[in-house]
Every structure is written in C-alpha cells, then in structure tokens.
Amino acid sequence: MKLLENKTALITGASRGIGRHTALMLAQHGANIVFTDLKEDENSESLLKELTDMGVHASFFAGNAANFEEVDAMVKNIMMQYDRIDILVNNAGITRDKLLLKMTPEDWDLVLNVNLRSCFCLTKAVMPIMMKQRAGSIINISSIVGLIGNAGQCNYSASKAGIVGFTKSVAKELGSRNIRCNAVAPGYIETPMTATLPENVVEDWKKQIPLRRMGQPDDVARTVVYLASDLSDYITGQVIECTGGLGM
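Report follows, based on the coordinates. (Residues numbered from 1 in each chain as written. Predicted model: local features only at pLDDT ≥ 70, side-chain atom pairs only at ≥ 80, totals over all residues. Heavy atoms only, no water.)

1. A look at the side chain of Asn 140
Then, in step 1: By the element assignment, Asn 140 lies in strand E5 (residues 136–141).
Then, in step 2: Discounting residues that sit within four places of it in the chain, Asn 140 has contacts with Asn 90, Cys 119, Ile 163, Phe 166, Thr 167, Cys 181, Asn 182, Ala 183 and Val 184. (Helix = DSSP H or I, 4+ residues; strand = E, 2+ residues; numbered from the N terminus. Contact = heavy atoms within 4.5 Å.)

The following block contains the structure:
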C-alpha cells in the first residue's frame, strides 16, 4: 500500500545517511521527492537517479538550508515545478564534537546554524504554502542527545534540544490550519557519521541499548513515513524516539 501517493516531500540534507534513506522510503510509498544538500556531488547524483528509476518525480537543489534568501528562492522554484508541498523533513545536520573547554565560538555557531536555523528557514518558507493548502506535515529530525545530553556535544545537543522546543511551538501555531509538526529523535544509528567511531565505543553504546543493537537509517525512515502519512493525522507536537529503548 502506498501511503503517500501524489504527495510532494521536501527533505533537507538528503544526499547520504538518514536523509537519503528517508527520501527513498518516502518515494517507495508514492511521494514525489525534492531533496537538498549543500552542493551537488556523486551522492546527490546517484540518489536522483535512484529516485527517478523508481518512477516518481524527483529534483535536487544545492544550497545552504540555513540561508533564508536561498531557501525562499528554492521553495518558489519547487512550487513552479510541483505546485504543492505536502511534507517537509528538516534533516540537515552536522557535528563539530569537542569538550566545551575546547569548543570555539565558530564550532558553536556553525552547528546551531546548520541544525537549528535551517529548521526555521525551511519551515518559515513552506508554512504559507501549507496554510493555503490547509494541510501539511512537518517532521524535524532531532536526536536523543537533545533530550539527555552528551559529553563532548554541547553544541549538537543544544541544537537538537532547540528543535524539540521549535517543533512543539510550531505545532501549536499551525494546528488550527490542519498542519502537523512532529520530531523524530534517533539514537545511535549506523551512518557515515558514526562509521568512524572506534569499535570499543560502539560496543559500549550497544550495552546501553535495551534492544542491544545500533539502529539502521531505515528504522528512522519508517518513523518519518508514519508521521508524514494520514496514519498519524491526529498526532502533532510529539517527539518520537527511535532509539532501541536508549532514552528510557
């Protein structure tokens, strides 16, 4: 069953990792896909080919998701091609991990801009469209560390905690227009971002997870599909943990 037939989804930071798997799974359920990343490269090119081979309409836009002028122009171009945006997945994110004692103001500003400001820019640009449609689902990718913190990730944790507050506020502002806003908080997911970690660190993490395994990008993608679809049409302002039980 295709849950997202004839819907258009916009996903930021989708050339690799969780964003890539999310784009592919949304497409499997029938959605047309528009995805973004900072620049065009072999990852974005291969994803675009995969999507078009699946038979959905797909487009890629290169740009800075934390720059409102670029985002606003991009959204206008998307509307010219697709005429509507039904789903927004704010997935763009980076890390610059250091203990606070060694963290520079540049490390702080960069992570907050990419991870949190991008949510503001995309949501602000898309919300007038969804308000006119009187329908839409906004899904923000937070993190378990935004809820429990993590040593060496003060900037990342703060940005992901900010997404939680942002999500709940947007849900309250837009609920009367039939626009839902939820967040997904992944735990330790096997992605290129975690692939460089030492094996002993990964094993220590697994011991803290009740399901005793690292998550897969598709675990998060399936959660996004649920929140994007009508299966969750009475759910808004929520943070859904996808952690194998780590957050308990």
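2. Focus: the pairing of strand E2 (residues 32–37)
Then, in step 1: Taking burial as the measure, the 6 residues of E2 include 6 buried ones, the bulk of the element.
Then, in step 2: Side chains Asn 32, Val 34 and Thr 36 project from E2 onto one buried face, and the interleaved Ile 33, Phe 35 and Asp 37 project onto a second face that is buried too.
Then, in step 3: A crossover connection joins strand E1 (residues 8–11) to the parallel E2 through helix H1 (residues 17–28); in handedness this β-α-β unit is right-handed.
Then, in step 4: Relative to strand E3 (residues 58–62), E2 is paired through 5 bridges, and the arrangement is parallel. Residue pairing in the sheet places Asp 37 in a bridge with Ala 62 of E3. (Buried < 20%, exposed > 50% of the residue type's maximum accessible area, 1.4 Å probe, protein only. Right-handed = clockwise from strand over helix to strand, strands pointing away. Pairing = 2+ DSSP bridges.)

3. Thoughts on the packing of aromatic side chains
The description of an aromatic ring pair uses the distance of the two centres, along with the angle that the planes make with each other.
Then, in step 1: In the structure shown here, the tally under the stated rule is 2 aromatic pairs.
Then, in step 2: Consider the rings of Phe 35 and Phe 60, whose centres lie 5.0 Å apart with planes at 45°: the pair is tilted. Pair noted here: Phe 35 is in strand E2 and Phe 60 is in strand E3, with a separation of 25 residues, a long-range link. The two residues Phe 35 and Phe 60 agree in class, both being buried.
Then, in step 3: A centroid spacing of 3.7 Å and a plane angle of 10° characterise the contact between Tyr 188 and Trp 205, whose relative ring orientation is stacked. With Tyr 188 in the loop between strand E6 (179–186) and helix H7 (199–208) and Trp 205 in helix H7, this residue pair connects regions lying 17 residues apart in the sequence. As far as burial versus exposure is concerned, Tyr 188 and Trp 205 are alike and both buried. (Phe/Tyr/Trp six-rings, centres within 6.5 Å; stacked < 30°, edge-to-face > 60°.)

4. Regarding helix H8 (residues 217–228)
Then, in step 1: Taking 1.5 Å of rise per residue, 12 residues should cover 16 Å, and H8 covers 16 Å from first to last C-alpha, within 8% of that figure.
Then, in step 2: Counting buried residues along H8, 9 of its 12 residues qualify, which places the element largely inside the surrounding structure.
Then, in step 3: Along H8, the residues classified as buried are Pro 217, Asp 219, Val 220, Ala 221, Thr 223, Val 224, Val 225, Leu 227 and Ala 228.
Then, in step 4: Those residues of H8 hidden inside the fold are in contact with H1, strand E4 (87–90), E5, E6 and strand E7 (239–242). (Expected span 1.5 Å × (residues − 1).)

5. Structural notes on the environment of Glu 40
Then, in step 1: In this fold, Glu 40 is placed in the loop between E2 and helix H2 (42–53).
Then, in step 2: Remark: the alpha-carbon pair of Glu 40 and Phe 60, spanning 20 residues in sequence, is separated by 8.3 Å.
Then, in step 3: Not counting the four nearest positions on each side in its chain, Glu 40 is found in contact with Glu 45, Phe 60 and Ala 62.

6. Structural notes on the environment of Ser 169
Then, in step 1: Position of Ser 169 relative to the elements: it lies in helix H6 (residues 154–174).
Then, in step 2: For Ser 169 and Tyr 226, which are 57 residues apart along the polypeptide, the C-alpha to C-alpha distance reads 21 Å.

7. As for the pairing of E3
Then, in step 1: For E3, a buried count of 4 out of 5 residues is recorded, marking the element as mostly surrounded by other parts of the structure.
Then, in step 2: Crossover E2 to E3 through H2 is right-handed.

8. What to know about H6
Then, in step 1: Spanning 21 residues, H6 covers 30 Å between terminal C-alpha atoms, matching the ideal 30 Å at 1.5 Å per step.
Then, in step 2: Taken together, the buried positions of H6 are occupied by Asn 155, Tyr 156, Ser 157, Ser 159, Lys 160, Ile 163, Val 164, Phe 166, Thr 167, Val 170, Ala 171 and Leu 174.

9. Regarding the sheet that holds E2
Then, in step 1: Across the sheet, which stays open at both edges, the 7 strands sit in the order E3-E2-E1-E4-E5-E6-E7 with parallel pairing between neighbours. Unpaired on one side and paired on the other, E3 and E7 mark the two borders of the sheet. The mean angle between the axes of side-by-side strands here comes to 15°, regardless of whether they run parallel or antiparallel.
Then, in step 2: Bridging between E6 and E7 involves 4 bridges; their strand directions are parallel. Residue pairing across strands places Pro 186 opposite Cys 242, the latter belonging to E7.
Then, in step 3: On the sheet, H2 packs against E2 and E3 and is oriented at approximately 165° with respect to E3.
Then, in step 4: Here H8 sits on the sheet in contact with E4, E5, E6 and E7, set at roughly 165° to E6. (Axes fitted to C-alpha atoms, helices over the stretch in contact; angles between N-to-C directions.)

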